[in-house]
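The chain contents come next:
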Amino acid sequence: MSLTDAQLERYARHIVLKEIGGPGQQKLLNARVLVIGAGGLGAPCLMYLAAAGVGTIGVIDADTVSLSNLQRQIIHDTASIGLPKVESAEASIARLNPDVRVIKHAERLTPANAREIVAGYDIVADGCDNFDTRFLVNDACHYEGVPLVSGAVGPFEGQVSTFKSYERGADGYPLPNYRDLVPEAPPPGLLPTCEEVGILGALTGVIGSMMALEVIKEITGAGTGLVGRLLIYDALDMRVRIIKLRHDPANILSGQAPALRDHLNHS
């Protein structure tokens, strides 16, 4: 299927890149990407994926837009207050790029629906704000063999990585997943919430855009992704460092004696 004249013009700056070109742009148009959360990280990620011409974007979020969201969740605006975030996101994407089809999941990800939802997509970008959902997304992607781009932020710092633990590295061991980075969730109440400590709005734009960049690279094959590496960004000192992630044989999902064995329901 060839690009239309309008698409050739819209995506011209991609097409002239030798790492992407026409074939890469066609891959983007054919791709199906699921974004977990239409909040601080999901909002910029969704906008750049839509602008890039990702043909089908799923967005899962059960919340509505509130006034306090607008300081950082740029896919929503004042007129969207009170609307479901998936509805607001769909409207913004439609204004930006009519090439994009949006699939709305106005629900929470649960052990009962996670695998079924994830299985419908080529890649997942997780910008959720709680450990339970992070583990759930990680495990569903592991079981379904779907690449996962994961982002997280604190008040002035953020991190991004890509996980493909269903594949093995050159050493023969499984590639790392989120449970190699965070083996278990901290006790409830130990870490302060975003409401309690605040967050720099533009920081979510930086990390969310990095997530979109990693998704685009995974789809097109451009460059080197963050599989097995964790990018850590310090906004106050404007420093970036990358650390290696390693498979943990004690990982309860993918280790030598996994305690989690297909624990998610799959209809």
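First, a word on what this report is: a plain description of the structure on this page. (Residues numbered from 1 in each chain as written. Predicted model: local features only at pLDDT ≥ 70, side-chain atom pairs only at ≥ 80, totals over all residues. Heavy atoms only, no water.)

**A word on the overall build of the protein**
Scanning the protein from N- to C-terminus turns up 10 helices and 8 strands. A compact globule built from 267 residues would reach a C-alpha radius of gyration of about 18 Å, and the protein, at 18 Å, matches this within 12%. Along the longest, intermediate and shortest principal axes, the C-alpha atoms of the protein span 55 × 45 × 45 Å. Burial status across the protein gives 50% buried among its 267 residues. Residue pairs at least 24 apart in sequence account for 64% of intrachain contacts in the protein once pairs closer than 6 positions are excluded. With an accessible surface of roughly 13000 Å², the protein has 54% of that area assigned to carbon and sulfur atoms. Separation between the mean location of the 23 positive side-chain charges and that of the 30 negative ones in the protein comes to 5 Å. (Helix = DSSP H or I, 4+ residues; strand = E, 2+ residues; numbered from the N terminus. Rg over C-alpha atoms; globule rule 2.2 N^0.38 Å. Buried < 20%, exposed > 50% of the residue type's maximum accessible area, 1.4 Å probe, protein only. Contact = heavy atoms within 4.5 Å. Areas by Shrake-Rupley, 256 points an atom, 1.4 Å probe, with all protein chains shown as cover. Lys, Arg positive; Asp, Glu negative; His and termini not counted. Charge placed at Lys NZ, Arg CZ, Asp CG, Glu CD.)

**Side note on the sheet that holds strand β2 (residues 56–60)**
Each strand in a sheet pairs with its neighbour through backbone hydrogen bonds, running either in the same direction (parallel) or in the opposite one (antiparallel). Read from one edge to the other, the open sheet built from 8 strands follows the order β3-β2-β1-β4-β5-β6-β7-β8, with strand pairing classed as mixed. Two strands close off the open sheet at either side, each with one partner strand: β3 (101–105) and β8 (239–244). Within this sheet the neighbouring strands show an average axis-to-axis angle of 15°, counted without direction. As judged from the 3 bridges shared by strand β4 (residues 123–126) and strand β5 (residues 148–153), these two strands associate in the parallel manner. (Pairing = 2+ DSSP bridges. Axes fitted to C-alpha atoms, helices over the stretch in contact; angles between N-to-C directions.)

Any functional reading would require information beyond the geometric quantities listed.
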